[in-house]
Every structure is written in structure tokens, then in C-alpha cells.
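Structural characterization, general
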Amino acid sequence: MNESTDNRLGLLDRMRVVMVETSHPGNIGAAARAMKTMGLADLWLVAPRDYPSAEATARASGADDVLARARVVDTLSEALADCTLVFGASARLRSLRWPQADARESAEQAVAELAAAPQARVALVFGRERTGLSNEELDLCHRLLHIPSNPQYSSLNVAMAVQIVSYELRMAALDGRHRIGEELGEQPVEQAEMERLYAHFEEALIELDFLDPDNPKHLMRRLRRLFNRIRPTRNEVNILRGILSAAQKCCRGRNG
Ligand code: SAH
């Protein structure tokens, strides 16, 4: 293996798989194995039902190191805090509120992001065996990833979905279309920083009497979707925060 192949596969070190409330520990083990065969290692488990478990370790086979390193957290936003681009894997095609792509295109976009900026970290979120991901969870995702399957029977076992996407990621990384560091643009923004922006929006919009906390409708969800679609840069986020602070100051001056 030459050095550039090594470097390209190294992009996968910043690729995270997140499994939400997985019921069957065997699926967690099988997903760890699927990841390791394709060179992925960063697994996060959000409130798994039955874990740690001997069944997970057994199904991981030789990939128990991936399981041993897996992080267990209570909420999806914790698992995404340091990520700059998030894909939600869904067995169903949803409405057009989220940009969607198949596994191959998504892998290509993920690798392009990782190659363009050393600070980039990309997450792939997989849902519960029975009910998949909720709309609130998809609100934390920039894009929807759908593996085009039989529309009459579209739902894959979750570990198999992890396998297919991990394979596409490896192929996209090996492809070498995106030269590492070549597309240095502006710094991508971590999800934790976006959460601070949403909290600031909420606080300011309540102060400005634009948002009624007793009847919020879907305003914050709509703003999340807007910004997920746009993916503002760090600089743009700072400008928005500055505008919000100025509006709050002005409002407090008038009211005080
Ligand atoms: N009945 C559920 C299916 C969940 S399958 C639903 O309709 O959403 C468990 C998880 O595997 C899904 O949440 C998704 O993350 C992944 N998955 C299964 N089939 C998939 C497909 N065709 N494309 C993308 N992800 C899929």
C-alpha cells in the first residue's frame, strides 16, 4: 500500500457511525464488524437497550476493539457535538424537507468534506430496528441517506445498512478524486456551535416577542432545517450571533 492510499484511507478516521437506541446487542456487534472490515473505527451508541453484552462481543468477532472503544451517550446531540456534517440513514424516503442522496453519493460527499478540511468530522446516524429515526432526530441531520432498495420491502437490517455505507465510504476514499487539503475553504462549523446559535435565536426571538414560548409552532425546527440546508460558515455564524446580540441590546434599551 503506498503512502497516498494510506493517507486517503486515513480520512475514514474522522468518520463516525452513530447507532440510536439499538434494541438487539447482536446488531451492535455486527455493525462493529462491518465497520472494521472497511477501515472505520469510531462507533457511538445512543442509549442502547442492552449493552454491554456478550452477544454484541460474540457478533463483533475480531472487531471487539471497535466495541471496546465505542462511546455510549444518552442523547443524539451529544454524539454529534463535534461533527461538522451529519447524514441520517433512512429506510423510507421522506418528504423533500431534507436533501437526500443514495449511499454512493453520500459517501462521496462525506469524503469530499473530510478531504477539504482537517477539522471536518462526519457522522452517519442509523435508527432503531423497529421505528428508525424520529423527525426530531432527523432535524439534527444535514442530509438523508437512503440505500435504494425494493420499495415494497425497503428496510435492511441495521448492521447490513452500516456495511453497505461503510463499503461505499471506503470506495469513495480510495477513489482519490478529492485531493486532501486541496479544497481548503472556510472552516466547517461543529454541531455544538450550531446548537449555541439555535439557543441564542430562541432566547432573542422570545425577547423580541417574535416567538411565543407557549405557542412556538414549528419555528425552531424550521430554522434548523434552513441552516442545515445552507450550512453557514463559522464567520457567518458569528455575524448572526452579533446581529442577535445587537437586536437584544436594542430591545432591552427600549423596554428598560
Ligand atoms: N421500520 C423502520 C426501519 C428501520 S431499519 C423505518 O421505517 O424507518 C433500522 C435502520 O437501518 C434505519 O433507521 C436506517 O438507519 C437503516 N436502514 C435500513 N434500511 C435502510 C435503507 N434502505 N436505506 C438507508 N438506511 C437504511
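As shown above, the structure is provided for reference.
Residues numbered from 1 in each chain as written. Predicted model: local features only at pLDDT ≥ 70, side-chain atom pairs only at ≥ 80, totals over all residues. Heavy atoms only, no water.

1. Comments concerning the sheet that holds strand β6 (residues 122-126)
Put simply, the rule is: Paired strands, as defined in this entry, are two strands with at least two bridges between them according to DSSP. Helix and strand assignments come from DSSP, with helices taken as H or I runs of at least 4 residues and strands as E runs of at least 2, each series counted from the N terminus. Throughout, a contact is declared for two residues whenever any of their heavy atoms are within 4.5 Å. Helix axes are fitted to C-alpha atoms over the stretch in contact, other axes to C-alpha atoms as well, and angles between N-to-C directions run from 0 to 180 degrees.
Reading across the sheet, the 7 strands line up as β3-β2-β1-β6-β4-β7-β5 and stay open at both edges, with parallel pairing between neighbours. Each having just a single partner strand, β3 (71-73) and β5 (100-101) make up the two edges of the open sheet. In terms of strand pairing, strand β1 (residues 15-20) meets β6 through 5 bridges, oriented parallel. Residue arginine 16 lies in a different strand from β6, and its bridge partner there is alanine 123. Against the sheet, helix α2 (residues 25-37) makes contact with β1 and β2 (42-46), and its axis sits at roughly 160° relative to β2, the strand it touches most. Most of the contacts of helix α8 (residues 158-175) go to β6, to which it runs at about 155°, and overall it touches β1, β6 and β7 (143-145).

2. Concerning the packing of aromatic side chains
Our working rule: Each pair of aromatic rings taken from Phe, Tyr and Trp, with Trp reduced to its six-membered ring, is defined by centres within 6.5 Å and is described as stacked if the planes are under 30 degrees apart, edge-to-face if over 60, and tilted in the remaining cases. Only protein chains enter the accessibility calculation, which uses a 1.4 Å probe; a residue is then buried when its area is under 20% of its type maximum, exposed when over 50%, and partly exposed in between. Throughout this description, the term charge over a ring refers to an Arg CZ or Lys NZ atom that lies within 6 Å of the ring centre and within 35 degrees of the ring normal.
Applying the stated criterion to the full structure yields 2 aromatic pairs. Geometrically, the ring pair formed by phenylalanine 201 and phenylalanine 227 is tilted, given 5.7 Å between the ring centres and 40° between the ring planes. Note that phenylalanine 201 is positioned in helix α9 (residues 191-207) and phenylalanine 227 in helix α10 (residues 219-230), a separation of 26 residues in sequence. Take phenylalanine 227: its relative accessible area is 8%, and that puts it in the buried class. Taken together, the ring pairs in this structure connect Tyr198, Phe201 and Phe227 into an aromatic cluster. The ring of tryptophan 98 has arginine 225 lying over it, and the distance from NZ or CZ to the ring centre is 4.8 Å.

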